[in-house]
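Residues per chain, in single letters:
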Amino acid sequence: MGTSVLCLEQGPWMHQKDYPTNFLDWESRAMGPFASNPNVRRLAQDYPVNDSASPIQPLMFNAVGGSTILWAAHFPRFTPGDFRVKSTDGVADDWPIGYQTLEPFYATNDRMMGVAGLAGDPAYPYHEPPMAPLPLGATGNIVASGFEKLGWHWWPSDSAIASRDYEGRAACINLGPCTSACSQGAKASTDITYWPVAQRKGVQLRTGCRVKEITVRADGMADGVLYYDQDGVLQEQKAEIVVLACNGIGTPRLLLNSKSPQHPDGLANSSGLVGKNLMFHPYALIRGIFDEPLNGRRGPGGCTVWSHEFYKSDPSRGFIRGYSYEGTRGAGPAQEALWGMAAGLVPWGEGHHEAYARLHGHIAGMVAITEDLPEETNTVTLDPELTDSNGVPAPKVTYTLSENSKKMLAHAVERGKEALSAAGAVETWAEPLLRPAGWHLMGTARMGTDTARSVVNEWGRAHDVKNLFIIDGSIFVTSAGVNPTSTIQALALYIADRIKQNIGNLFD
Ligand SMILES: Cc1cc2nc3c(=O)[nH]c(=O)nc-3n(C[C@H](O)[C@H](O)[C@H](O)COP(=O)(O)OP(=O)(O)OC[C@H]3O[C@@H](n4cnc5c(N)ncnc54)[C@H](O)[C@@H]3O)c2cc1C
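Residues numbered from 1 in each chain as written. Predicted model: local features only at pLDDT ≥ 70, side-chain atom pairs only at ≥ 80, totals over all residues.

A word on the overall build of the chain
- Helix and strand content of the chain: 11 helices and 16 strands.
- Here the chain has a C-alpha radius of gyration of 22 Å; the compact-globule value for 508 residues is 23 Å, and the two agree.
- Overall, the chain is about 70 × 50 × 45 Å in size when its C-alpha atoms are taken along their principal axes.
- In the chain, which comprises 508 residues, the proportion classed as buried is 51%.
- Taking the contacts inside the chain whose residues are at least 6 apart along the sequence as the reference set, 72% of them involve residues at least 24 apart. (Helix = DSSP H or I, 4+ residues; strand = E, 2+ residues; numbered from the N terminus. Rg over C-alpha atoms; globule rule 2.2 N^0.38 Å. Buried ≥ 20, exposed ≤ 12 C-beta atoms within 10 Å, placed from the backbone. Contact = placed C-beta atoms within 7 Å.)

The following block contains the structure:
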């Protein structure tokens, strides 16, 4: 007999026909109802996030498919060393599991998501993406040429974007702005990759259902949830096992909102670590202006090449751990105009057209994704006043950029400019800390074997509540210097597998 699985999702199903690139005003739609900041979007399914005490704004999307509706689909794995930073660098903690444990789940997930890439990257253990890499395009080639001239590591990105027709998904046709959702359906978002399979297997999905709290029995075990249905009516759902996948902000919010006499500080919080150790990846944006015409917004925005040249610790650089570079293309005409004006490169009034023409379609660059180390003072807490539309307390993010991150970002900016100059940029420009870049949400319910220093065990089960599991970025111990989603998904598959293996004696 199979397991009966019900998923409650506060957002709706999305439809490709509604996505911005179907419309002439796609850029303004991308900055409105498809903005990645819920405080800008303010859709009925969104909850506000108080980010006034953070230099980085948390970003997410609330719908079936979650933030993968908007994500860029740059799809690096963690490297084996990323799971062992305490052992190698004496900072943070080692993970209780390693790359080898996750390897088969990374591979399954690559097939499920449909990953395009090139086997053989020396920065990684050998693995074969199921599809050929996406074309680098003019921007990818030019950034790669800079890395190449300096003798740096670079490799075509693994991208969760179909480079050919793949399992019902059409190949990418370079519509461009992946981060406003993919009208072509070439980009993997979990509503079109995992959900059709899950529904065929009988998983039920109730949309427009916002979970308020997880309820517990007298013995402290979870026994279900209270949720508001799409009419705003509070409903109760009983369950034998509760699995949380609300992301690194939504999950601690829900745990902290689930207070009971058995769990007075919030569910699964005997360690006091729920909501602590929040990690983003502080991002720097480095851009070059080139004389030659480039392919502008054409092509997936962030999936060209990556470089791990400065990925591992080198004491001579003055900071611990490191960062990766991800090549980026240009943007749409309105976005490039807005950016050019904000950057002081395009004046308003006289000279506007000339300056804009020099920028538009002439930009290539990169972002640096720096490893954020966990600190208990970087937190998700419940805001004492702010609530969502159902009156559930909203999360507040309190985050300070560390000295280590500041040094890493400064290094990344200087070296990135050097690479773009080597590639032939006539001018370089950088934003040393990108504020709207809190798209990676990690660490707020960390994994570990020591119950005093972690929230879940080495297979995602809450130490305090044996039938509660967490399968999102909250359980990360450290953040690595690459995007997290490949690892979040591999972890989710691994934890599901462990639940299945142990179902007979799960609560012993
Ligand atoms: C603009 C953007 C670009 C990105 N680019 C990349 C990239 O290139 N590479 C990469 O690796 N990652 C990227 N990411 C991050 C990536 O999208 C996330 O890591 C990934 O989606 C996390 O998956 P998740 O399921 O843990 O959380 P989410 O995808 O955020 O999903 C959480 C879901 O839980 C639902 N939920 C939350 N609380 C409740 C509640 N109380 N009741 C009911 N439902 C609830 C939400 O509605 C949402 O659908 C990007 C993100 C953004 C926003």
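Looking at the site of the ligand
- N62, G66, D472, N483 and T485 are the nearest of the 35 residues found near the ligand.
- Broken down by secondary-structure element, the contributors of at least two residues to the shell around the ligand are β5 (210-216), α7 (247-256) and α11 (485-501).
- At three residues, the largest contribution of residues to the shell around the ligand is made by α7.
- A breakdown of the residues in the shell around the ligand according to their chemical character gives 16 nonpolar, 16 polar and three charged. (Near = placed C-beta within 6 Å. Nonpolar A, V, L, I, M, F, W, Y, C, P; charged D, E, K, R; others polar.)

Looking at the nonpolar core
- Core analysis: the largest hydrophobic core is formed by 128 residues, its most contacted members being A73, I161, A284, A368 and L491.
- When near neighbours in sequence (up to four residues on either side) are disregarded, L491 contacts L102, I471 and I475. (Core = buried A, V, L, I, M, F, W, Y, C linked by C-beta atoms within 7 Å.)

A few points about the sheet that holds strand β14 (residues 393-398)
- Taken together, the three strands give an open sheet; going across it, the order is β2-β14-β13, and neighbouring strands pair in mixed fashion. Edge positions in the sheet fall to β2 (50-53) and β13 (379-387), since each has one partner strand and no second. Adjacent strand axes in the sheet meet at a mean angle of 40° when their direction is disregarded.
- Bridge analysis of β2 against β14 gives two bridges, and the strand direction is parallel. (Pairing = 2+ DSSP bridges. Axes fitted to C-alpha atoms, helices over the stretch in contact; angles between N-to-C directions.)

Remarks on the sheet that holds strand β7 (residues 234-238)
- Overall, antiparallel pairing links the three strands, which are arranged β5-β6-β7 in an open sheet. The strands lining the two open edges of the sheet, one partner per strand, are β5 and β7. Across the sheet, the mean angle separating the axes of adjacent strands is 25° when strand polarity is ignored.

Let's talk about unusual backbone geometry
- We note that E167 has phi near 45°; this positive angle belongs to a residue other than glycine.
- Looking at where E167 falls in the secondary structure, it is placed in the loop between β3 (155-156) and α6 (194-200).
- Among the residues examined, E167 registers 13 C-beta atoms within 10 Å and is labelled partly exposed.

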